[in-house]
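The lines below spell out each chain.
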Amino acid sequence: MSEIIRVENLSYIYNLGMPDATKALDDVSFTVEEGDFVGIIGSTGSGKSTLISHFNGLNRPTSGRVLVDGKDLWEQGADLRSFRFLVGLVMQYPEYQLFEETCAKDIAYGPRNMGLDEAEIQRRIKEAAAFVGLSDELLEKSPFELSGGQKRRVAIAGVMAMHPRVLVLDEPAAGLDPEGRDTILSQIKDYHKKTGITVLLVSHSMEDIAKYANRVLVMHRAKIAMYDTVENVFARAQELLELGLSVPQVTQIFLKLRQMGLDIPADVYTIPYAVKTIQKALAAKQAGEVQ
Amino acid sequence: MLKDITIGQHFPGHSVLHRCDPRLKLVATIAYIVVLFVAPNPLGLALSIALLAALYKIAQIPGKMILKSLKPIVPIVIFTAVLNLFFVTGQGEPLVHFWVLNIYIEGVKYAILLAVRVCALIAGTSLLTYTTSPIVLTDAIESLLRPLAKLHFPVHELAMMMTIALRFIPTLIEETEKIMNAQKARGAMLDSGTFTQRIKALVPILIPLFISAFRRADELAMAMECRCYHGGEGRTRLKQLKFTSEDFRCLVVIAVALVVIACTRLFVPGLA
Amino acid sequence: MPNQESILQAQNVHFRYDPEQPKYAVDGVTLDIRRGEFVAVLGANGCGKSTLAKHFNAILLPEAGTVLVEGMDTRNEDHLYDVRQKVGMVFQNPDNQIVATIVEEDVAFAPENLGVPPEEIRTRIDEAMKLAGIYEKRDAAPYKLSGGQKQRVAIAGVIAMRPDCLVLDESTAMLDPHGRAQVMKTIHQLRAAGITIVSITHYMEEAAQADRVLVMSRGRIVMEGTPEQVFSQTEKLHSYHLDVPQAAELRDELVKAGIPMPENVITPEACAEELFKLLK
């Protein structure tokens, strides 16, 4: 695997030089390997959204560097717009960006800006629509006739159709009902598996991060608090709680069991893993009783 | 950036001018503008500026705020001044003769006076918005226009619209920035290309913005209904405007000052 | 605590947005909410729960059936403002509910509409802002507040009418976990002050804190009971496109794997306790 994103000593200050200047990112450094699925968590104001808007050049670092595929976004002569296609960014509540008469035309907006030919654009619309489960019939409808969940899928397809090497999503499931949330997130996971592209997913839901990501980046007060595999991060559940973040309910349960004095692993974050762990513990206890 | 657009900047403080009844401030500002026009002589203008300087001093608003408020109108001032410079004809010999253009001494005087007058006007109205928050100003307008309600003029509705507009300006500015970023992320080119290309590039921003504004309006209307809104009839107000004795003293001082300035036209010949 | 006195009653309520269409958004709902109760309403998008909620303060009127608010028929126009004052409504997007440019002016909006004398408005809004926990922010501009704070301003703005019942229509959906926790805390405070709460939500953890849970699907109430009773029926909830809290899901999976677990385990605390008994 090779590295796709490299962030070096990145700092970003809002309202620089004004009395209300605030440091949103403070000397942040990390790398993302191509093909990873990274969950980004942190409370509101921790710098997550500021961080991700640096990957496609919507924000310019106050100091430090951001490299995508080995190239510095802000180097002299760099074509900033090419990074917008390299790193596809889906913002919060992306359905509010839809504007075309039909869903198909809206999905085509990005590819058209890339200057692709018509046949390729049509091919990409079909492909992206398939990833998010939009029927041909829906594609010809106005986006404003669709349900909230469907609109959001159109918006996500619009970014997927640009064939980015990195897909960044800022809370793609916010405000949806449980089913809508699961649908969108599993479609993203599926897309990740099929295309092998790198996905960065910002979410407030630890349950979702635990279910879909393989690495987790925890932001806290403009700095990186943790950056590790999912297991290793959730094994530090107590610390996460101290940072004001929530952990999945299963993790809470195991944390409580440990506090009660049971010798049980703390890095449990999914239901199947929890069942297995309890089965093992039960077997160990019974073996102990037999002896 | 969009955030730099500010309408009616407020400069919070605790001076007499900040405390003063907004209705008085509003009426005084209008009177001041009228006086600027009825006393277009150098002495009147000098006195107006002195009055303004004193008021800025009392309100403890730094001088650079005056410059800030004047900055946007500099091109207009220069433009009108230059026009006057060239097109005002005088009786004597022209000062400068150039091609078909003649500059007379009257033209120079007139241009200078005009520029000073416009600057004094802007600085004066800025003082009103610096010392009065938009919401209080809205209350003042509603209160002053109230007699018109008898003539079925929609005074309350007008004030409500102003309040809601003030409330939603920051929200819509933020929303515009978000939509711009979302379209830039899809490769939109907003700040390059020919004029027609740029106009076209605005469509993906304006349509979502309008749709969102309509949605917000819908939801706000429903939320207002849920809070028993039914127009201005039978409505009370949390904050009542009260004309205090301090306001009365301010009224006397300002009235005397303005009358004195207006009277200068009787003694000093004006130019207009 | 809930008593037997009804505060909201719906009798066989039917409603369609478009009378030309055969599909009813609310299709025969009968329910009874008692004074002091905290009721959570669950259901997938488009199940009719928000439509039903809008019937409780006469924003929508039933096509057939009746809705009574403290005995007043919502269709009786003479009672319109009484009904709206008794039943406060808070919506999803806090930005679109705040009218004024200063927090306390916004909270005063409803009492002003009701023609409350100025001195009394002051007492009412101070009380409402304290109850919602935003009294410290009373001079702030709403756009400078966080989502959770804005939503509590919206709640205070409704509480200032001194309603008997508060209906929250997905009021936590757009908030982050911190903001959600703040709003939930406020809800519990209002309940302690004797206000009846009807909360429409997608968050199972929030519904688990209610006295009673109603599940809606296709315009009808399909499940009803205490959170324990409702959330023990994992399969049935999944069939209505809903989740259960993870603790309940874990209990279910353990039972499936042959590990004995009692019914009615829906909170992490209860689940940990049962597991401790099993493993100690």
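Residues numbered from 1 in each chain as written. Chains lettered and ligands numbered in written order. Predicted model: local features only at pLDDT ≥ 70, side-chain atom pairs only at ≥ 80, totals over all residues. Heavy atoms only, no water.

**Q** Help me out: how do you make sense of the overall build of chain C in this one?
**A** Helix and strand content of chain C: twelve helices and ten strands. What you see for chain C is a C-alpha radius of gyration of 20 Å, in line with the 19 Å of a compact globule of 280 residues. Referenced to the eigenvectors of the C-alpha coordinate spread, the extents of chain C come out at roughly 65 × 50 × 35 Å. In chain C, which comprises 280 residues, the proportion classed as buried is 60%. For chain C, the proportion of contacts with a sequence separation of at least 24, taken over those separated by at least 6, is 64%. Split by element, the accessible area of chain C, about 10,700 Å² in all, is 47% carbon and sulfur. Counting 29 positive and 41 negative side-chain charges, chain C places the centres of these two groups 2 Å from one another. (Helix = DSSP H or I, 4+ residues; strand = E, 2+ residues; numbered from the N terminus. Rg over C-alpha atoms; globule rule 2.2 N^0.38 Å. Buried < 20%, exposed > 50% of the residue type's maximum accessible area, 1.4 Å probe, protein only. Contact = heavy atoms within 4.5 Å. Areas by Shrake-Rupley, 256 points an atom, 1.4 Å probe, with all protein chains shown as cover. Lys, Arg positive; Asp, Glu negative; His and termini not counted. Charge placed at Lys NZ, Arg CZ, Asp CG, Glu CD.)

**Q** Sorry, what's going on with the interface of chain C and chain A here?
**A** Interfaces are often sized by the amount of accessible area the parts lose when they come together. Of the residues lining the interface, 32 residues belong to chain C; the matching set on chain A comes to 29 residues. Together chain C and chain A conceal approximately 2,900 Å² of surface at their shared face, both sides included; 66% is due to carbon and sulfur atoms. Here Asp243 of chain C ties to Arg181 of chain A by a salt bridge, and the two come within 3.8 Å at their closest N and O atoms. At the junction of chain C and chain A, the tally comes to nine residue pairs in polar contact (both at pLDDT 80 or more). Counting residues per element, the ones that place at least two in the side of chain C that touches chain A are helix H8 (204–207), helix H11 (246–256) and helix H12 (268–279) of chain C. The leading source of residues in the side of chain C that touches chain A is H12 of chain C, at nine residues. The class makeup of the residues in the side of chain C that touches chain A is 20 nonpolar, four polar and eight charged. (Buried area = accessible area lost by both parts, 1.4 Å probe. Salt bridge = Lys/Arg side-chain N within 4 Å of Asp/Glu carboxyl O. Polar contact = N/O pair within 3.5 Å; in protein donor to acceptor, adjacent residues only side chain to side chain. Nonpolar A, V, L, I, M, F, W, Y, C, P; charged D, E, K, R; others polar.)

**Q** Sorry, what's going on with the environment of Leu257 of chain A here?
**A** Along the polypeptide, Leu257 of chain A turns up in helix H11 (residues 249–259). In this structure Leu257 of chain A touches Leu262 and Ile264 of chain A together with Ala272, Leu275 and Phe276 of chain C, once residues within four positions along its chain are discounted.

**Q** Honestly, the sheet that holds strand S5 (residues 71–72) of chain A in this entry has me stumped. Any pointers?
**A** Each strand in a sheet pairs with another by means of backbone hydrogen bonds, the pair being arranged parallel or else antiparallel. All names here are of chain A. Read from one edge to the other, the open sheet built from four strands follows the order S2-S1-S4-S5, with strand pairing classed as antiparallel. The strands lining the two open edges of the sheet, one partner per strand, are strand S2 (22–33) and S5. Summarising the sheet, strand S4 (residues 63–68) and S5 pair through two bridges and their orientation is antiparallel. The partner of Val68 across the bridge, within S5, is Lys71. (Pairing = 2+ DSSP bridges.)

**Q** What am I meant to see in a nonpolar patch on the surface here?
**A** Residues and elements named next belong to chain B. Side chains of Leu43, Leu47, Phe243, Phe248, Leu251, Val252, Val256 and Val260 sit close together on the surface and give an oily, nonpolar patch of about 660 Å² of accessible area. At the level of secondary structure, the elements contributing two or more residues to the nonpolar patch comprise helix H3 (42–59) and helix H10 (245–267). Counting residues per element, the nonpolar patch draws most heavily on H10, at five residues. Here Phe248 lies in helix H10. Judged by relative accessible area, Phe248 falls into the partly exposed class, the value being 49%. (Patch = residues over 30% accessible without salt bridge, like charges linked within 9 Å, V, L, I, M, F, W, Y side chains within 5 Å.)

**Q** It is not clear to me how the domain arrangement of chain A should be interpreted in this structure. Could you clarify?
**A** Residues and elements named next belong to chain A. Each assigned domain of chain A is listed with its residue range as follows: domain 1 (3–236) and domain 2 (248–291). Using only C-alpha atoms to locate each centre, domain 1 and domain 2 end up separated by 36 Å. Taken together, the contact between domain 1 and domain 2 spans seven residues of the former and seven residues of the latter. A buried area of about 610 Å², summed over both sides, lies between domain 1 and domain 2, and 71% of it is on carbon and sulfur atoms. Between domain 1 and domain 2 we count zero salt bridges in total. Counting across the domain 1 and domain 2 interface gives two residue pairs in polar contact (both at pLDDT 80 or more). Elements supplying a minimum of two residues to the side of domain 1 that touches domain 2: helix H8 (206–212) and helix H9 (230–234). (Domains from an automatic or database assignment.)

**Q** Please clarify how the packing of helix H4 (residues 63–70) of chain B against helix H6 (residues 105–131) of chain B should be interpreted in this entry.
**A** Helix packing for two helices is described by the angle between their axes and how far apart those axes are. All names here are of chain B. In contact at an axis separation of 9 Å, H4 and H6 are set at 115° when each is read in the N-to-C sense. For the pair H4 and H6, the sense of crossing is right-handed. Of H6, the residues touching H4 (which contributes Met65, Ile66, Ser69 and Leu70) are Cys119, Ile122, Ala123, Ser126 and Tyr130. In terms of residue class, the contact of H4 with H6 is made up of seven nonpolar, two polar and no charged. (Axes fitted to C-alpha atoms, helices over the stretch in contact; angles between N-to-C directions. Left-handed = near helix turned anticlockwise from the far one by under 90°.)

**Q** Explanation requested: unusual backbone geometry in the structure shown.
**A** The phi torsion of most residues other than glycine is negative, and most of the peptide bonds are trans. In this structure, Glu171 of chain A takes a positive phi of about 45° despite not being glycine. Note on placement: Glu171 of chain A falls in the loop between strand S7 (166–170) and helix H7 (178–195). Given the relative accessible area of 15%, Glu171 of chain A is considered buried. Positive phi values are uncommon outside glycine, yet Cys228 of chain B reaches one of about 65°. Here Cys228 of chain B shows up in the loop between helix H9 (195–226) and H10.

**Q** So what exactly am I meant to see when it comes to the nonpolar core here?
**A** Grouped burial of nonpolar side chains is what soluble globular proteins tend to show. Counting residues in each nonpolar core, the largest one holds 56 residues, and the members touching the most others are Ile107, Met160, Leu167, Leu169, Val218 and Leu240 of chain A. Broken down by element, this core gets its largest block of residues, six residues, from helix H6 (residues 148–160) of chain A. The contact partners of Leu240 of chain A, leaving out residues within four places of it in the chain, are Val218, Met226, Val233, Phe234, Leu245 and Val247 of chain A. Counting 51 residues, the second largest nonpolar core, distinct from the first, contains Val103, Ala160, Leu175 and Met204 of chain C. (Core = buried A, V, L, I, M, F, W, Y, C linked by side-chain atoms within 4.5 Å.)

**Q** Whenever I open this one, the pattern of salt bridges confuses me. Can you help?
**A** Side-chain pairing between opposite charges can occur once the charged atoms of the two side chains come close. Per the stated rule, a full pass over the model turns up 54 salt bridges over all chains. For Glu120 of chain A, the salt bridge identified is with Arg124 of chain A, shortest N-O distance 2.9 Å. Taken together, the residues Glu120 of chain A and Arg124 of chain A, both in helix H4 (residues 118–131) and four residues apart, mark about one turn of the helix. Two residues, Glu120 of chain C and Arg162 of chain C, come together in a salt bridge whose shortest N-O distance is 3.7 Å. A residue pair is termed long-range when its members are at least 10 positions apart, and Glu120 of chain C in helix H5 (residues 118–132) and Arg162 of chain C in the loop between helix H6 (147–159) and strand S7 (165–169) qualify at 42 residues. Assessed through its relative accessible area of 31%, Glu120 of chain C is described here as partly exposed. According to the relative accessible area criterion, Arg162 of chain C is partly exposed, its value standing at 35%. Residues joined by salt bridges that share partners form a network here, namely Glu3, Arg6, Glu8, Arg65 and Asp72 of chain A.

**Q** It is not clear to me how the packing of aromatic side chains should be interpreted in this structure. Could you clarify?
**A** To describe a pair of aromatic rings, one takes the distance between the centres and the angle between the planes. For the structure shown, the criterion picks out ten aromatic pairs over all chains. Taken together, a centroid distance of 5.4 Å and an interplanar angle of 25° make the contact between Phe234 of chain A and Tyr269 of chain A stacked. With a gap of 35 residues between them, Phe234 of chain A in helix H9 and Tyr269 of chain A in the loop between H11 and helix H12 (271–290) connect regions that are remote in the sequence. Like Tyr269 of chain A, Phe234 of chain A is buried. Here a set of aromatic residues connected by ring pairs shows up, and it is made of Phe30, Phe55 and Tyr227 of chain A. For the cation-ring pair, Arg215 of chain A lies above Tyr227 of chain A, with the distance from its terminal atom to the ring centre recorded as 4.6 Å. Sitting above the plane of the Tyr135 of chain C ring, Arg138 of chain C keeps its charged end 4.2 Å from the centroid. (Phe/Tyr/Trp six-rings, centres within 6.5 Å; stacked < 30°, edge-to-face > 60°. Lys NZ or Arg CZ within 6 Å of the ring centre and 35° of its normal.)

**Q** For this particular structure, what's the right way to read the interface of chain C and chain B?
**A** Between chain C and chain B, the contact holds 38 residues from the first and 28 residues from the second. Of the roughly 3,100 Å² buried where chain C meets chain B, counting both sides, 57% is carbon and sulfur surface. Per-residue buried area on chain C facing chain B is highest for Asn96, Glu112 and Asn113 of chain C; these three make up 21% of the total on that side. Along the contact surface separating chain C from chain B lie seven salt bridges. Linking Lys239 of chain B and Glu104 of chain C is a salt bridge whose minimum nitrogen-to-oxygen distance equals 3.2 Å. For the pair chain C and chain B, the interface holds 17 residue pairs in polar contact (both at pLDDT 80 or more). Contributions of two or more residues to the side of chain C that touches chain B are made by helix H2 (80–86), helix H3 (103–107), helix H4 (109–113), H5 and H6 of chain C. Of all the elements, H4 of chain C adds the most residues to the side of chain C that touches chain B, at five residues.

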